[in-house]
Amino acid sequence: MAAICTLPVALRASVRAPVKARGMSVKAAAGPQHWLPGSEPPAYLDGTMAGDYGFDPLRLGQNAETLPYLQEAELMNGRWAMHATAGILFTDAVGLPKFWEAGDAALGDWDLKTLVAIQVVVMGFLEAARIRGFYATGESGVVGNFPFDPSGQDSPAMKVKEIKNGRLAMMSFLGMVSQYAVTGTSPLEGLKAHMANPTQVNIFTSSVGNEFVAAIIFCSIAPCYFVLQEQISDGSDDEFRPIPW
């Protein structure tokens with residue numbers, strides 16, 4: 001009976017035992033939080049920041065003093081993008097002026113110079129207060145509230161969800177603007193045209209189809225390049241740098 005009970009334990013131990021490759025060096029893959037399994041994330045991206053998956057191929061975050069500010073800048077741009085994408089889709093769905101016409105429609109009888117002057121003063125005050133509060137507390141907020149969390153939703157899990165949705169919104173906004181630049185249509189107009197004829201109305205058949213194919217090829221090859229460079233590195237550099245800076 002004792003032998004039967006210990007059999008599963010022995011099996012599990014044998015499964016967990018490391019298997020050594022013969023005639024080649026195998027590099028351990030990074031943890032599950034890394035964007036590219038098989039390569040090592042930069043040392044300064046240790047997983048402590050919300051949404052940190054070790055993705056920084058250009059090494060923009062090497063400076064420890066500016067890294068928190070870059071994280072805050074990404075978060076703020078993500079929040080603006082979430083508002084923008086929601087507003088673009090809402091106005092498109094209910095028949096209000098398209099997003100490229102909304103500014104002129106909202107201006108109405110306002111003098112543009114007066115509106116710009118007011119915006120510079122108001123936004124300058126709010127941004128100056130936000131930056132001062134961020135440097136003092138390390139948190140995002142508005143005027144004197146750092147962090148700004150009136151509904152009590154602040155938590156590590158919510159911070160990760162917010163940055164993920166912000167990144168998705170930034171990509172969505174870029175896609176909406178690019179679609180208008182290429183086709184002159186709004187997001188829902190483009191979607192309707194694609195659904196009516198998917199094979200003939202898509203990004204590959206547009207005027208930038210070849211450029212998009214080239215971008216896909218580059219994005220597919222780049223991760224392989226990063227992993228290959230790490231595998232063939234002789235270890236002379238402390239950290240692999242795909243770009244000299």
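Residues numbered from 1 in each chain as written. Predicted model: local features only at pLDDT ≥ 70, side-chain atom pairs only at ≥ 80, totals over all residues. Heavy atoms only, no water.

A. Geometry of the packing of aromatic side chains. Throughout the structure, instances matching the rule amount to 6 aromatic pairs. Relative to Phe-55, the ring of Trp-35 lies with its centre 4.8 Å away and its plane at 90°, an arrangement referred to as edge-to-face. A residue pair is termed long-range when its members are at least 10 positions apart, and Trp-35 in the loop between helix 1 (2-16) and helix 2 (67-94) and Phe-55 in the loop between helix 1 and helix 2 qualify at 20 residues. The exposure class of Phe-55 is exposed, given its relative accessible area of 53%. Aromatic pair Trp-100 and Tyr-180: ring centres 4.1 Å apart, planes at 20°, arrangement stacked. (Phe/Tyr/Trp six-rings, centres within 6.5 Å; stacked < 30°, edge-to-face > 60°. Helix = DSSP H or I, 4+ residues; strand = E, 2+ residues; numbered from the N terminus. Buried < 20%, exposed > 50% of the residue type's maximum accessible area, 1.4 Å probe, protein only.)

B. Region of the structure containing the UniProt feature "binding site: chlorophyll b" (unreviewed entry) in the chain. In the numbering used here, UniProt assigns the feature "binding site: chlorophyll b" (unreviewed entry) to Arg-79 and Val-116. Residues that both appear in the annotated list above and line the largest pocket are Arg-79. Mapped onto the elements, Arg-79 comes out in helix 2. Discounting residues that sit within four places of it in the chain, Arg-79 has contacts with Ser-140 and Glu-162. Note that Val-116 resides in helix 4 (residues 112-137). (UniProt positions renumbered as here; feature names shortened; annotations may be inferred. 1 Å grid on protein atoms, 1.4 Å probe; cavity = no way out; pocket = protein on both sides within 12 Å on 5 of 7 lines; lining within 4 Å. Contact = heavy atoms within 4.5 Å.)

C. Geometry of the UniProt feature "binding site: chlorophyll a" (unreviewed entry) in the chain. On the UniProt side, "binding site: chlorophyll a" (unreviewed entry) is annotated at positions that read Glu-74, Lys-161, Glu-162, Asn-165, Arg-167, Gln-179 and His-194 here. Among the annotated residues just listed, those lining the largest pocket are Glu-162. As for its position among the elements, Glu-162 is in helix 5 (residues 156-183). Assessed through its relative accessible area of 25%, Glu-162 is described here as partly exposed. For Glu-162, the contacting residues outside a window of four places in its chain are Leu-75, Arg-79 and Met-82. If you trace the backbone, Gln-179 turns up in helix 5. Ignoring any residue separated from it by four or fewer positions in sequence, one finds Gln-179 in contact with Gly-184, Thr-185, Ser-186, Pro-187 and Gly-190.

D. Geometry of the layout of surface pockets. Considering only enclosed or pocket space, the largest pocket measures out at about 1,000 Å³ in volume. If you go around the largest pocket, you meet 33 residues; those closest to its centre are Leu-75, Arg-79, Ser-140, Gly-141 and Glu-162. Taken together, the elements giving at least two residues each to the lining of the largest pocket come down to helix 2, helix 4 and helix 5. It is helix 2 that provides the largest number of residues to the lining of the largest pocket, a total of 8 residues. For the lining of the largest pocket, the per-class residue count stands at 16 nonpolar, 8 polar and 9 charged. (Points joined across faces, edges and corners; volume = space filled by probe spheres on them. Nonpolar A, V, L, I, M, F, W, Y, C, P; charged D, E, K, R; others polar.)

E. Focus on the side chain of Ser-186. Counting through the fold element by element, Ser-186 comes out in the loop between helix 5 and helix 6 (187-196). Look at Ser-186 and you get buried, because its relative accessible area is 1%. Side-chain polar atoms of Ser-186 contact the side chain of Asp-92, separated by 2.8 Å. Not counting the four nearest positions on each side in its chain, Ser-186 is found in contact with Asp-92, Lys-98, Trp-100 and Gln-179. (Polar contact = N/O pair within 3.5 Å; in protein donor to acceptor, adjacent residues only side chain to side chain.)

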